[in-house]
Amino acid sequence: MRKPKIHTLFRSALAAVCSLAMCATLAACGGSSSSDTSSKKSSSSSSKSDSSSSSSSDSSTKMDQIAGITATGTPGQKPSIKFKTPMTVQNNTYAVLQEGDGATIEKGDRVCAQGIAINVKDGSELMSSWEKNTPDCSISLTDANLAQVPPYTKIVGLKLNSTIAFGINDSNSSGTSYIIAYTLISKSKDLTKAEGTPVADIPSNLPKVTRAKNGKPSIDMNGQGSVDKMVVQTLIKGDGKELTDSNTAVVKYTGWLTDGTQFDSSWDKNTTFDADLSDSGQIITGWKEGLKGQTVGSQVLLIIPPDKGYGDKKSGSIPANSTLVFVVDILAAY
């Protein structure tokens, strides 16, 4: 079976730590990290109690430390990780293996990390992002994520080039347990709204979009009716990374029917949405086609015909055969 990307593996690990649904097997992991759905189709003797708080932990989060695991090597490079096998690990366990020498990671940062997954039964390496230099940049340390995902609280306060390990006791038929060791290599801040150059000469027959001070869009449909072909119009052109089908876009959005009825908005929830633009990403075709080629910082108007939306199926409050209108702010990509 196709192995997952390291960030997919880590998401599954976080799901285990948080007692959420796990993948059936390590090799079959997949799915989105977001809880928004409007644009989607569809215990161990080897650990000891973490009795004292540290700069990288939240006092309300109780996680045990993993004993008997070490790492050597230059901070910021692939570490050599050692432990006695076979080893047993539990969920909700961690160990800081190397102290970094870079900037301190703070709440609100997005962190990129190189990762290794190691089978604790025999010490074999299950996966690594180091060789192909494909770090996981899905680690977003927002207040919402810190509240929902206990491991994230252990990253806040560490310095770049630190290596932190999490224990995963996977509940699958093979009984796979493993360590995921992350070396924290860089950090950034996501945008809070589209930032770029307003596009001139937008066709006058399209819906009119205005923005509140915080970036939340409002719309005048301007007589917009159903469409047979998709319309993609950049409203603000950002100067960030160009999106491809290998990216996940971090966005805020609002969606309307052509009669002006709003059916969903991440602005109202004060959340973001991670839109996987790959073929396997579980978002509607109109989003995949409309967001590819756009750049981080942009705001995009999408008018999506039924065949690239939900087709002849009703979806929540969206009637069958609906043309959908979205305004999407692209805040980051990984």
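Source: prediction; values computed, not measured.

A short note on the nonpolar core
So, point 1. Residues Trp 287, Leu 324 and Phe 326 are the most contacted members of the largest nonpolar core, which totals 24 residues.
So, point 2. Mapped by element, the contributors of at least two residues to this core are β15 (248–257), β17 (273–276), α5 (285–291), β18 (299–304) and β19 (324–333).
So, point 3. The element best represented in this core is β19, accounting for 5 residues.
So, point 4. Tyr 94, Val 111, Val 156 and Tyr 182 belong to the second-largest nonpolar core, a separate cluster that totals 23 residues.

Focus on the pairing of strand β9 (residues 163–169)
So, point 1. In terms of burial, β9 is a largely internal element, 6 of the 7 residues being buried.
So, point 2. Bridge count for strand β5 (residues 93–98) against β9 is 5 bridges, and the pairing is antiparallel. Looking across to β9, one finds that Gln 98 is bridged to Thr 163.
So, point 3. Where β9 meets strand β10 (residues 177–189), 7 bridges bridge the pair, whose relative direction is antiparallel. Among the inter-strand pairings, Gly 167 is bridged to a residue of β10, identified as Ile 179.

Some remarks on the environment of Asn 205
So, point 1. The topology assignment puts Asn 205 in the loop between β11 (197–198) and β12 (208–211).
So, point 2. For the pair Asn 205 and Asn 222, spaced 17 residues apart in sequence, the C-alpha separation works out to 6.9 Å.
So, point 3. If sequence neighbours within four positions are ignored, Asn 205 has contacts with Asn 222 and Gln 224.

Description of the confidence of the model for the chain
So, point 1. Residue-level pLDDT values for the chain average 85, and 80% of them are 70 or greater.
So, point 2. Segment residues 15–38: pLDDT under 50, and 63 contacts once partners within four positions in sequence are set aside and those in other chains are kept.
So, point 3. pLDDT under 50 marks residues 42–59. Its contacts with residues more than four places away, or in other chains, come to 36 contacts.

A few points about the side chain of Ser 298
So, point 1. You can see Ser 298 is positioned in the loop between α5 and β18.
So, point 2. Judged by its relative accessible area of 0%, Ser 298 is buried.
So, point 3. Reaching out from Ser 298, the side chain makes a polar contact with the backbone oxygen of Ile 236 at a distance of 3.4 Å.
So, point 4. A distance of 2.9 Å separates a polar atom in the side chain of Ser 298 from a polar atom in the side chain of Thr 295.
So, point 5. Setting aside residues no more than four positions away along its own chain, Ser 298 makes contact with Ala 194, Ile 236, Lys 237, Gly 238, Val 328, Asp 329 and Ile 330.

Here we look at the pattern of salt bridges
So, point 1. Within this structure, the stated rule accounts for 9 salt bridges.
So, point 2. Among the ionic pairs, Glu 125 bridges to Lys 78, the shortest N-O distance being 3.1 Å. Separated by 47 residues along the polypeptide, Glu 125 in strand β7 (residues 125–128) and Lys 78 in the loop between β3 (69–72) and β4 (80–83) bring together distant segments of the chain.
So, point 3. Between Asp 268 and Lys 216 there is a salt bridge, with the nearest N and O atoms lying 2.6 Å from each other.

Notes on the packing of aromatic side chains
So, point 1. All chains considered together, the criterion is met by 6 aromatic pairs.
So, point 2. Judged by centre distance (6.2 Å) and plane angle (80 degrees), the ring pair of Tyr 253 and Phe 273 falls under edge-to-face. Taken together, the residues Tyr 253 in strand β15 and Phe 273 in strand β17 connect sequence positions 20 residues apart.
So, point 3. According to the relative accessible area criterion, Phe 273 is buried, its value standing at 1%.
So, point 4. Aromatic pair Trp 287 and Phe 326: ring centres 5.3 Å apart, planes at 85 degrees, arrangement edge-to-face. Placement of the pair is Trp 287 in helix α5 and Phe 326 in strand β19, with a sequence separation of 39 residues.

Some details on the state of the cysteines
So, point 1. The final tally for this structure, using the stated rule, is 1 disulfide.
So, point 2. Paired by a disulfide, Cys 112 and Cys 137 hold their sulfur atoms 2.0 Å apart. Across the S-S bond of Cys 112 and Cys 137 the torsion is about 115 degrees, and the bridge reads as right-handed. Placement of Cys 112 in strand β6 (residues 109–119) and of Cys 137 in strand β8 (residues 136–140) is noted, with a sequence separation of 25 residues between them. Like Cys 137, Cys 112 is buried.

Each value, and the rule that gives it
Residues numbered from 1 in each chain as written. Predicted model: local features only at pLDDT ≥ 70, side-chain atom pairs only at ≥ 80, totals over all residues. Heavy atoms only, no water. Core = buried A, V, L, I, M, F, W, Y, C linked by side-chain atoms within 4.5 Å. Buried < 20%, exposed > 50% of the residue type's maximum accessible area, 1.4 Å probe, protein only. Helix = DSSP H or I, 4+ residues; strand = E, 2+ residues; numbered from the N terminus. Pairing = 2+ DSSP bridges. Contact = heavy atoms within 4.5 Å. pLDDT = per-residue confidence, 0-100. Polar contact = N/O pair within 3.5 Å; in protein donor to acceptor, adjacent residues only side chain to side chain. Salt bridge = Lys/Arg side-chain N within 4 Å of Asp/Glu carboxyl O. Phe/Tyr/Trp six-rings, centres within 6.5 Å; stacked < 30°, edge-to-face > 60°. Disulfide = S-S within 2.5 Å.

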